[in-house]
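# Fold and geometry: a report
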Amino acid sequence: MTLRISVIGTSYLGSTLAAGMAEFGHQVIGVDIVPEVVKQLNAGQPHIFENGLEQLLEQHTATGRLRFTLDYDDIADWADVHFLALGTPARADGSADLSQLHAAIGSLAPKLTRPTLIVGRSTVPVGTAIDLQQRIRALAPAGDAVELAWQPEFLRESMAVTDTLRPDRLVFGVQSDQALRLLEQVYAIPLTEETPVITCDLATAELIKQAANTFLATKISFINAMAQLCQVAGGDVTVLADALGLDKRIGREHLSPGLGFGGGCFPKDIRALAVRADELGVDVLSDLIKSVEAINDTQRVELAELAIDQVGGDATGKKVAVLGAAFKPGTDDTRNSPALTVADHLHDRGAIVEVYDPQAHLAQRDGFTQVGSVAEAVRNADIVLHLTEWPEFRYLDPEQLGTLVNNKIIIDGRLKLHAPTWHEAGWKLVQIGRASTL
Ligand code: UGA
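Definitions and limits used
- What you see as residue numbers is a count from 1 along each chain, following the sequence as written.
- Thresholds applied to this predicted model are a pLDDT of at least 70 for local features of residues and 80 or more for the giving and counting of side-chain atom pairs; totals over whole chains, interfaces and linings are not thresholded and use all residues.
- Hydrogens and water molecules were not included; the side-chain quantities draw on all heavy atoms of the structure.
- Runs of E in the DSSP output that reach at least two residues are strands. Runs of H or I that reach at least four are helices, and both are numbered from the N terminus.
- The globule rule used here is 2.2 Å times the number of residues to the 0.38 power, and the radius of gyration it is set against is calculated over C-alpha atoms.
- Per-residue accessibility, obtained with a 1.4 Å probe over protein chains only, is compared with the maximum for each type, and a residue is labelled buried under 20%, exposed over 50%, and partly exposed between these values.
- The contact criterion used is simple: two residues touch if any of their non-hydrogen atoms lie within 4.5 Å.
- Here the open area of atoms and residues is found with the Shrake-Rupley method and a 1.4 Å probe, where only the protein chains shown may cover a residue.
- In this count, Lys and Arg are taken as positive residues and Asp and Glu as negative ones, while His and the chain termini are left out.
- To locate a charge, the coordinates of NZ of Lys, CZ of Arg, CG of Asp or CD of Glu are taken.
- Whenever Lys or Arg places a side-chain nitrogen within 4 Å of a carboxyl oxygen from Asp or Glu, that contact is recorded as a salt bridge.
- Patch criteria: residues need more than 30% relative accessible area and no salt bridge. Like-charged residues are merged within 9 Å; nonpolar side chains of Val, Leu, Ile, Met, Phe, Trp and Tyr are merged within 5 Å.
- Helix axes are fitted only over the stretch in contact, all axes being lines through C-alpha atoms; the angle between N-to-C directions runs from 0 to 180 degrees.
- Any angle from 65 to 115 degrees is called roughly perpendicular, while one under 35 is roughly parallel, one over 145 is roughly antiparallel, and all others are oblique.
- For any pair of crossing helices, the crossing counts as left-handed if the nearer helix is rotated counterclockwise from the farther one by less than a right angle, and right-handed if it is rotated clockwise.
- Note on definitions. A residue lies near a molecule or strand when any single heavy atom of the residue is within 4 Å of it.
- Any pair of N or O atoms that falls within 3.5 Å is considered a polar contact. Within protein, one atom must be able to donate a hydrogen and the other to accept it, and sequence-neighbouring residues count only if both atoms are side-chain atoms.
- The nonpolar class holds Ala, Val, Leu, Ile, Met, Phe, Trp, Tyr, Cys and Pro. Asp, Glu, Lys and Arg form the charged class, and all remaining residues, Gly among them, are polar.
- Where each domain starts and ends comes from a domain assignment, either automatic or drawn from a database.

### Overview of the overall build of the protein
Within the protein one finds 17 helices and 14 strands. A globule of 438 residues ought to have a C-alpha radius of gyration of about 22 Å, and the protein, at 24 Å, matches this closely. Across its three principal axes, the protein shows a C-alpha extent of roughly 70 × 50 × 40 Å. Evaluated residue by residue, the protein yields a buried proportion of 54% over its 438 residues. At a minimum sequence separation of 6, the contacts of the protein that also span at least 24 residues come to 72%. Total accessible area computed for the protein in this model is approximately 18300 Å², and 53% of it derives from carbon and sulfur atoms. Taken together, the 37 basic and 56 acidic charged side chains of the protein have centroids lying 2 Å from each other.

### Here we look at the pattern of salt bridges
Scanning the model with the defined rule gives 21 salt bridges in all. Residue Asp 73 pairs with Lys 111 through a salt bridge whose shortest N-O separation is 3.1 Å. With Asp 73 in the loop between β3 (66-69) and β4 (81-84) and Lys 111 in the loop between α4 (99-108) and β5 (116-120), the pair connects residues that are 38 residues apart, well separated along the chain. Note on Lys 111: relative accessible area 30%, which makes it partly exposed.

### Here's the deal with a nonpolar patch on the surface
Taken together, the side chains of Leu 280, Val 282 and Val 284 present a nonpolar region at the surface, about 290 Å² in accessible area. Looking at Val 284, the relative accessible area reads 68%, which means it is exposed.

### What about the packing of helix α12 (residues 283-310) against helix α13 (residues 338-348)?
Packing of α12 against α13 brings their axes to within 9 Å, and their N-to-C directions diverge by 45°. When the interaxial angle is binned, α12 and α13 end up oblique. Considering the relative orientation of α12 and α13, their crossing is right-handed. Side by side, α12 and α13 meet where Arg 300, Val 301, Leu 303, Ala 304, Glu 305, Ala 307 and Ile 308 of the first sit next to Pro 338, Thr 341, Val 342, His 345 and Leu 346 of the second.

### Brief notes about the site of the ligand
Taken together, the neighbourhood of the ligand is formed by 20 residues, with Leu 155, Glu 157, Lys 209, His 254 and Ser 256 sitting nearest. Residue Leu 155 places a main-chain N or O atom 2.7 Å away from an oxygen atom belonging to the ligand. About the coverage of the ligand: the protein hides 90% of its 710 Å² of free accessible area. Broken down by element, the shell around the ligand gets its largest block of residues, 3 residues, from helix α9 (residues 202-233). Along the lines of polarity and charge, the residues of the shell around the ligand split into 8 nonpolar, 5 polar and 7 charged. Viewed by domain, the shell around the ligand spans two of them, domain 1 (4-200) and domain 2 (216-431), each represented by three or more residues.

### Side note on the environment of Thr 113
As for its position among the elements, Thr 113 is in the loop between α4 and β5. A sequence separation of 27 residues divides Thr 113 from Ala 140, and the C-alpha atoms of the two residues are 6.8 Å apart. If near-sequence neighbours (up to four positions away) are discounted, Thr 113 is found in contact with Asp 77, Pro 141 and Ala 142. A polar contact is formed between the side chain of Thr 113 and the side chain of Asp 77, at a distance of 2.3 Å.

### Let's talk about unusual backbone geometry
Even without a glycine there, the phi angle at Asn 336 is positive, about 45°. Looking at the element boundaries, Asn 336 is found in the loop between β9 (319-323) and α13. Despite not being glycine, Leu 415 has its phi angle at roughly 50°, a positive value. Inspection of the secondary structure assignment puts Leu 415 in the loop between β13 (409-412) and α17 (419-424). Overall, the relative accessible area of 8% leaves Leu 415 in the buried class.

### Quick look at the packing of α9 against helix α10 (residues 237-245)
It is at 9 Å that the axes of α9 and α10 come closest, and there the two elements cross at 140°. With respect to their mutual orientation, α9 and α10 come out oblique. Where α9 crosses over α10, the two elements pack in a sense that is right-handed. Taking contact as the criterion, the partners of Phe 222, Ile 223, Met 226, Ala 227 and Cys 230 in α9 are, on α10, Val 237, Leu 240, Ala 241 and Leu 244. Residue composition of the contact of α9 with α10, by class: 9 nonpolar, no polar and no charged.

Okay, structure coming up:
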């Protein structure tokens, strides 16, 4: 059954969700407050880089099943379901800034005159959904006939389209059978493909998302702590991770060692959970998260310091080539990018830093330059740093790069380069967590 769906917010989550809903056969209107973004999306052009998104946008804006607007009047009483897909960035104290959600509700709710379901998709601290529902009901002419459900989002940037069309599970935080039935209609296609569904209350739904991200971040920090141990004890952390991953109870996913996690989700979500846990007096959880964060921060600093050691202990005037700026491959997103923290650190220590990334476009940054190719970045470099594991970096030709650099030294911050190939070409290749390469 075709439903009328609005998606409020059009960033990585919202634009992919809107396109995915159109692909499921629904009639969709996306809402944003930035006129250029709405214009671009209506032309079928994504304003972010996400695999497969452009094709879906082109296809569904052309058929008229999907359009974007600035005007809440277009969606308020039109939609059967409103999705809230807004950012919840960190405030200075680490707690979640809910102002985008509050603003959207302030624009939407006074226009709701008939029974409606609003579904929150943003990552929020536990207790937020109930509070938002009270705000909505106080503002909406339809009052208690407006219901809020919470459906946490698990999509990964770079895989957002696939994760939206074929989710590995659906979590429906609902307060009524009616809301559940409507969500089942929205997701009729994945449900026919036997996607597992968890139905729960609002608080559990909110917590599932924060717990999932915190658990994954903990896995990464755990393996990075083991990498630190391997470095001093003489082990090989990738072999260790492979062995652990074969235990089905552990699994190999999110156990890749290296520079650690960044992006718009893990760092802010785990901090927000720590703040909320503190507020609620659950110190054991916030203590655990603080350790996860400390390990993650250490990885970045250690790599930068390792680079300084490799160029003789003083970075002043040394040319550093940084390969990768996005927080992970497959995206143009540089929010909280480990690669850029390292670049900043080295720049602060006097190095001349040149960065190359296949997709990310850096805003004007003080101190270091973005260049258009690997060759430009590495020309006359005193050291090369591999910091975001784009597949193309794996296939670089060390012989050819060796003719461009000042020193054949490379630090592989993601443990993805084939050490023997680099060694054969006369490079010193250093991999954090592999004592044998230090
Ligand atoms: C993450 C979660 O994986 C999604 O399930 C969730 O929906 C999303 O956050 C969100 O909250 O919106 P994402 O941030 O796109 O998705 O990226 P991940 O692929 O999880 O990677 C996060 C960071 O961890 C990256 O910096 C990556 O390089 C790093 N990472 C990942 C590792 O250092 N090691 C690994 O083994 C895996």
